[in-house]
Structure formats: structure tokens, C-alpha cells
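Commentary on secondary and tertiary structure
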Amino acid sequence: MSNAPYRFDVTHRVCEVVDAHANLEPGAETDTVVTVAGRLMLRRDQGKLAFGSLQDSSGRVQLFAMAKSTPEYEGFTGLSIGDWIAVTGIVMMTRRGELSVRVDEWALLAHAGRPFPDKWHGISDPDTRYRQRYVDLWVTEEARQTFIRRSQIVASMRRILHAQEFIEVETPMLHPIPGGALARPFVTHHNALGEDLYLRIAPELYLKRLVVGGVEKVFEIGRVFRNEGMSTRHNPEFTMLELYWAYADHADMMQLTEELVAGIASEVLGTTTIEYDGREVDLSTPWRRATMEELIAEYAGVDVNLDTPIDELRAICERFGVETKAHYGPGKLILELYEKTCEAELWGPVFVTDYPVEVSPLSREHRERPGYTERFEAIVAGRELCNGFSELTDPLIQRQRFEAQEADRDAGDDEAMVVDEDYLRALEYGLPGTAGLGVGVDRLVMLLTGTTTIRDVVLFPTLKPEQGRGTAESGETVDHPH
RNA sequence: GCCCCCGUAGCCAAGCUGGUUACGGCAGCGGACUUUUAAUCCGAAGAUCGUGGGUUCGAGUCCCACCGGGGGCACCA
């Protein structure tokens, strides 16, 4: 059994020691005694002297040990890189001007039985970084910073929404009917119920039920699951912010969205001008608004709308290399054309508006443009950041939309929606004009941390199982000191 | 699901058109060293070259399959 202590009294975080003694003269010794703890990340032995670097969650500080004053000096110099230790001693400055804690007492808290990667080169293999994030976090400074920033971004998001009196809720992750988005779900099974359940693809329909229930401003930040391909911007489970705001419409929501994103950037980064992928992004408000058709005209140079003859639309799509299916109507064709020709080109931030009804089964029809909806997506750096709209509130129209979706499903579209009778029943009780928004939190974090792959903002991204490779069971030798 | 690329010791990493005992660095091990900063110096060691087949007198290198990863496409409110 290990004789490592069950608990240990630490008096200072490393950053507190560093901050409080930044201006010591070289060679100075204070009479401030501190106890710090962390991992030994480097060691430089020099005979009767030894230097080490102790790292905790707040930073690094040098350790200074002397054979004549450090107890069990041989044991100290025999520590492994990566060992968790606690050190008690005075704060001092070496002759070369490196702030240090003198090792007057020390204790081993946990031995690192596996060697840490190269102290200088770190880990380059992404597989190792994602699989063994516990190692990556110690070795890769940027990784640690990214996840700290992620926490700050989400905290800022909550702070801003709470300040506007939105209420945070949690709704089911196990859904009897997958709904609220066009996506393939993961299926699971509940034994006692004897029923299949679906991991949610969106919380949308539950949150709008809450508006029916009188929660006028509501949001949820949580995981959703989509059974789709993986890429630099797609992880099968990812985090969404969804919010609903009674009595408001899409224009209000666009304003809230840009203020939210710019506000988070200001709070967390101190600026609304950021750099992404080598280019500047100006998140300051207001953001440009442009209809989908205006953008198609701008980027593809063709004028299309819902009145364009469908044969002509198909021909245009083919000209731009868009793959079309027989059951696509004009709305779907226009959306496909937009996605092919515009989306990746849009640096933004820009709100793309006026999505066709055909591709927006939960959005309310545009008050001035029949066939279109009051829906918008914000595009930043060529990526979809969020989606929002004036919500469809009429239960009869919603039923028709669901039925149209089921027709698509019957035509072979396994991402189409199915009729949710309870949701329709909720709408029958009355949903006032309401605006809704969904934000991809991981993508927002990517944007604000300058990260180009979602795996760098998700602590444990989905990977294939490694099947025993590199695990203790594989017969690899592990150094057990006890 | 498709295409391209990658996989050499705990980590980083050479290895040109196939040619004998696979170059090094860090970490680890032994030794020297009382102010180092990726400490330095000396010494010894550590490799089923992702796995399995195949071609060849000879394979880390060429071919096939599989495993894992990366990028792209498809898919993706």
C-alpha cells in the first residue's frame, strides 16, 4: 500500500507565491515560508545543489534544494519527472534571479509510474494528445489555456443571460421521439420500459413547451448527440446553447445574438477584434444582415428565388456541382446552392436570413415573404455559428410541416422529422410569438480560442477504441514503487 | 462510406531510388559537479520499425489486407 498522505495542507498556489515576490533582488532570501504542491516537471541536479520546476494548476515555480539543508536530499534528487510532491520552505531569489522555493521540507504525494513525454518537444502525436488528455494537459500549455478559456466563455455566457433574466433549465436527454433538428439520432434501449429511446439531437421542443408553461425567457446549455460523420467541426456529442424568448421575434434575437457573442469576447478576451486562421474577425455590433438570395447573387452571380422555375433551379445547381435529389423542392435547392457557393466564403460575421419554409419546419413564415421564414444563421469565418428564428406557433401549420417531413422520411430522408403529438398538444394550449436561438458552443470556443479543430476544444473527443494498445493490460511495464 | 497522407524505444526524431550490427536527442540507469534555466560532462543500456501476409538473395524502405490517427469529400438545424 502507498504511504502517500490522504490529505495535505497547502498554503499557497504557485501563482500566489510568484505574484507576491516578483521584485526580489537576486540572492535575496525572505522569511516567508510557504507550502506548495504540484508535479515536478523538470529537474537539474548539480551535485550538492538541485533545481526543479514545480507546476500546479496556476503556474510554475523553481525549487531550490541543497544537500546540507534539504532533508533526504538523495531521495529528492531521485524523484521522477511527473511525481506529485509538496514542498515547504522559504521564498528566495537565486543569484541568477530565478524566484524559488527552498526545499526545507518535502513529501511525495504520488509517484508517476509512467514517464512523461519529452520536456522540450512535448507530444506531437494527436492520437496521444486526445486519448491521454491527462498527459496533454500537463505537457501542452496551449491545451490547458484553451480549456480554461472554454470555462470562462461558458461562464460569461451564463452571466450575460442571467443578467437579462433568462432562466437556465435542464430538459431530457433521453427522448422517446427525436426532434428539434434534422439529424440522425443515436438509439438506446430502456429495459424496464421495454422501449427504445433516442439521445437528444436538440432540446428545442422541450424548451418551447416550457414557454407554453409560462417560462418567458429560458435557456439550456447542454450536450446533444448526432449520429453523423466526424470532422474538424463535428464531434458526435457537442454542446449547444439554446434559448427562447417570449414576445420577441427574429430581429430581436439577431440583436441579442450579436450582443451575446461580442459581450463574451469582450469579457473573456478584452476585445471584439480577434484573429482566426490568420485573418481578422471583427465581432463588434451590429453584424451585417443579408438574405440567402442576396448572398447567392453576390457570390454565385445568379438570381434565384422561390418563383424560379424548378427546372431552371436544378440546372443552376448542377452548373455549380450541387448534388440534388428528386424530391428536393425549390427551397431545398436554393439552400443547397447557398451552402455550396456562399457559406465557406463568408468571413462575416453575417446573419444569413430568409430561409425557405421547405427547409425550416419549426420556423414561422416570414410576415412579408410567403414561402420564406423569419430564420437566420450567423456565419463567422466560413462556419455556421448559430441558428435562430421566429418560432412557428400555430399547431395546425406545425402539424402540416411535420407531415411534410414525414413524407420526406418516406422518400428516404432518414434525417427528416417525425410528428410529435405531445408537442402539437402543447402548441394547442397556446405559444405566444417567441424567438429561439441555438448556438454551437464548441464552435464559439473554437472561434474565440483560434482553434481550427473541434477536438482541441473538447476534452475527450470521440475516437475509435484503441483495443488494448498502450494500456496497462497490454503487458506494458509500469513502474510500481510500493 | 470514399480518396490522400501518416504510424521507427516512454517522448521527439533520422533512415536518399530496398543492401549488411536502424543516426541522434530528451527521459530512465551508473558516475562527476554548491546558483542551474532544455544545465553540462563521462559511461552503459533501451526498437516485435502499428499488426498479419507477400515479392526479393536481401524489406523500416516495394505490394496486399487489417488496426489506429490526420486531412479532404460525402454527410451534417
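Residues numbered from 1 in each chain as written. Chains lettered and ligands numbered in written order. Predicted model: local features only at pLDDT ≥ 70, side-chain atom pairs only at ≥ 80, totals over all residues. Heavy atoms only, no water.

1. Notes on the overall build of chain A
How we decide: Only DSSP runs of H or I covering at least 4 residues are called helices, and only runs of E covering at least 2 are called strands; the numbering of each starts at the N terminus. Only protein chains enter the accessibility calculation, which uses a 1.4 Å probe. A residue is then buried if its area is under 20% of the maximum for its type, exposed if over 50%, and partly exposed in between. Contact between two residues is taken to exist if any of their heavy atoms lie within 4.5 Å; hydrogens are not considered. Accessible surface is estimated by sampling points in the Shrake-Rupley manner with a 1.4 Å probe; for residues, cover comes only from the protein chains shown. The charge count treats Lys and Arg as positive and Asp and Glu as negative. His and the chain ends do not count. A charge is said to be at NZ when it belongs to Lys, at CZ for Arg, at CG for Asp and at CD for Glu.
A count of helical and extended segments in chain A gives 13 helices and 19 strands. For chain A, the spread of C-alpha atoms along the principal axes amounts to about 90 × 50 × 50 Å. Counting every position in chain A, which comprises 482 residues, the buried fraction comes to 47%. Put simply, of all contacts in chain A between residues at least 6 apart along the chain, 65% involve residues at least 24 apart. If you sum the accessible surface of chain A, you get close to 24,000 Å²; carbon and sulfur atoms cover 48% of it. Here chain A contributes 50 positively and 79 negatively charged side chains, and the mean placements of these two sets differ by 6 Å.

2. With respect to the packing of aromatic side chains
Basically, it comes down to this: Put simply, two rings from Phe, Tyr or Trp (the six-membered ring, in Trp's case) pair if the centres are within 6.5 Å, and we call them stacked under 30 degrees between planes, edge-to-face over 60, tilted for the rest. Distance and angle both matter: a charge sits over a ring if NZ of Lys or CZ of Arg is within 6 Å of the ring centre and within 35 degrees of the ring normal.
Per the counting criterion, the structure on display carries eight aromatic pairs. With 6.2 Å between their ring centres and 75° between their planes, Phe-166 and Trp-245 make a pair best called edge-to-face. Of this pair, Phe-166 sits in the loop between α5 (141–163) and β7 (167–168) while Trp-245 sits in strand β12 (residues 237–246), and the two are 79 residues apart along the sequence. With a centroid separation of 6.5 Å and 75° between ring planes, the pair formed by Tyr-338 and Tyr-355 is classed as edge-to-face. Placement of the pair is Tyr-338 in helix α10 (residues 330–341) and Tyr-355 in the loop between β16 (350–353) and β17 (375–380), with a sequence separation of 17 residues. Judged by its relative accessible area of 0%, Tyr-355 is buried. In this structure an aromatic cluster arises from ring pairing among Trp-287, Phe-351 and Phe-376. A cation over an aromatic ring shows up here: Arg-279 above the ring of Trp-347, its NZ or CZ 4.0 Å from the ring centre. It is Lys-332 that lies over the ring of Tyr-328; its NZ or CZ is 5.2 Å from the centre.

3. Examining unusual backbone geometry
A cis geometry characterises the amide bond from Thr-285 onward to Pro-286, with omega recorded as -5°. Here the bond from Gly-348 into Pro-349 is cis, since omega is 0°, no more than 30 degrees from zero. As for its placement among the helices and strands, Pro-349 is situated in the loop between α10 and β16. Even without a glycine there, the phi angle at Glu-72 is positive, about 45°. By the secondary structure assignment, Glu-72 is in the loop between β3 (59–66) and α2 (73–77). Overall, Glu-72 belongs to the exposed group, its relative accessible area being 64%. Of note, Ala-381 is a non-glycine position whose phi angle comes to about 55°, a positive value. When you line up the elements, Ala-381 lands in the loop between β17 and β18 (383–390).

4. Considerations on the domain arrangement of chain A
Definition in use: For every domain, the bounds stem from an assignment made automatically or drawn from a database.
Along its sequence, chain A is carved into domain 1 (14–110) and domain 2 (141–456). The gap between the C-alpha centroids of domain 1 and domain 2 is 51 Å.

5. Description of the sheet that holds strand β8 (residues 174–175)
Note the cut-off: A pair of strands is considered paired only if DSSP assigns at least 2 bridges between the two.
Pairing is antiparallel across the open sheet formed by three strands, whose spatial order is β8-β10-β9. Of all strands in the sheet, those with a lone pairing partner are β8 and β9 (187–190), marking the two edges. Pairing between β9 and strand β10 (residues 195–199): four bridges, direction antiparallel. For Thr-188, the partnering residue across the bridge sits in β10 and is Leu-197.

6. Points about the nonpolar core
For clarity, the threshold we go by: By nonpolar core is meant a set of buried Ala, Val, Leu, Ile, Met, Phe, Trp, Tyr and Cys residues that side-chain atoms within 4.5 Å join together.
Core analysis: the largest hydrophobic core is formed by 44 residues, its most contacted members being Leu-241, Leu-243, Ile-264 and Leu-283. The element that contributes the greatest number of residues to this core is helix α7 (residues 250–269), accounting for eight residues. Setting aside anything within four residues of it in sequence, one finds Leu-243 in contact with Leu-161, Phe-166, Val-218, Phe-219, Met-253, Leu-256, Ala-435, Gly-436 and Leu-437. Counting 24 residues, the second-largest nonpolar core is a separate cluster that includes Ala-290, Leu-295, Ile-316 and Tyr-338.

7. A closer look at the sheet that holds β7
Strands sit in the order β7-β11-β12-β19-β18-β17-β16-β15 across an open sheet of eight strands; the sheet is mixed. Each edge of the open sheet carries a strand with a single partner, namely β7 and β15 (288–291). In this sheet, β12 lies alongside strand β11 (residues 217–225) in antiparallel orientation, the contact comprising nine bridges. Paired with Gly-222 across the two strands is Met-240, which belongs to β12.

8. Description of the protein's contact with RNA strand B
Let me state the cut-off plainly: Throughout, the term near means that a residue has one or more heavy atoms lying within 4 Å of the molecule or strand in question. Any pair of N or O atoms that falls within 3.5 Å is considered a polar contact. Within protein, one atom must be able to donate a hydrogen and the other to accept it, and sequence-neighbouring residues count only if both atoms are side-chain atoms. Residues are grouped as follows: Ala, Val, Leu, Ile, Met, Phe, Trp, Tyr, Cys and Pro are nonpolar; Asp, Glu, Lys and Arg are charged; every other residue, Gly included, is polar.
In the vicinity of RNA strand B there are 53 residues, among which Arg-96, Lys-119, Leu-182, His-234 and Asn-387 approach most closely. Restricting attention to atoms of RNA strand B within 4 Å of the protein, one finds that 61% of them are sugar or phosphate atoms. At a separation of 2.6 Å, a base oxygen of RNA strand B approaches a polar side-chain atom of Thr-94. Between RNA strand B and the protein, one listed contact pairs a base oxygen with a backbone N or O atom of Arg-95 at 3.1 Å. Secondary structure elements with two or more residues in the surface near RNA strand B: β1 (29–46), β2 (49–56), β3, α3 (126–131), β17, β18 and β19 (434–440). Its residues assigned to classes, the surface near RNA strand B shows 18 nonpolar, 13 polar and 22 charged.

9. Quick notes on a nonpolar patch on the surface
Keep this limit in mind: A residue counts toward a patch only above 30% relative accessible area and without a salt bridge, and it is joined to like-charged neighbours within 9 Å or, for Val, Leu, Ile, Met, Phe, Trp and Tyr, to nonpolar neighbours within 5 Å. Salt bridges are counted wherever a side-chain nitrogen of Lys or Arg sits within 4 Å of a carboxyl oxygen of Asp or Glu.
On the surface, Tyr-134, Leu-459 and Phe-460 cluster together into a nonpolar patch covering about 340 Å² of accessible area. Relative to the helices and strands, Tyr-134 is located in helix α4 (residues 133–139).

10. Some thoughts on the environment of Glu-365
Structurally, the position occupied by Glu-365 is in the loop between β16 and β17. When the C-alpha positions of Glu-365 and Gln-164 are compared, they lie 27 Å apart, and in sequence the two are 201 residues distant. Sequence-distant contacts of Glu-365, defined by excluding residues within four places in its chain, comprise Val-357, Pro-370, Gly-371, Tyr-372, Thr-373, Glu-374 and Arg-401.

11. Brief notes about the packing of α5 against α7
Two measures define how a pair of helices packs: the angle their axes make with one another and the distance between the axes. Selection rule: Note on definitions: angles span 0 to 180 degrees between N-to-C directions of axes, and those axes are lines fitted to C-alpha atoms, for helices only across the stretch in contact. Angle categories are assigned with fixed cut-offs, so that under 35 degrees is roughly parallel, over 145 is roughly antiparallel, 65 to 115 is roughly perpendicular, and the rest are oblique. Handedness of a crossing follows from how the near helix is turned relative to the far one, being left-handed for an anticlockwise turn of less than a right angle and right-handed for a clockwise one.
One can describe the packing of α5 onto α7 by two numbers: an axis separation of 9 Å at closest approach and a directional angle of 130°. As judged from the angle between their axes, α5 and α7 are oblique. The hand of the α5/α7 crossing is right-handed. Here Arg-149, Gln-152, Ile-153, Ser-156, Met-157, Arg-159, Ile-160 and Leu-161 of α5 come into contact with α7, specifically with Leu-260, Gly-263, Ile-264, Glu-267, Val-268 and Leu-269. Residue composition of the contact of α5 with α7, by class: eight nonpolar, three polar and three charged.

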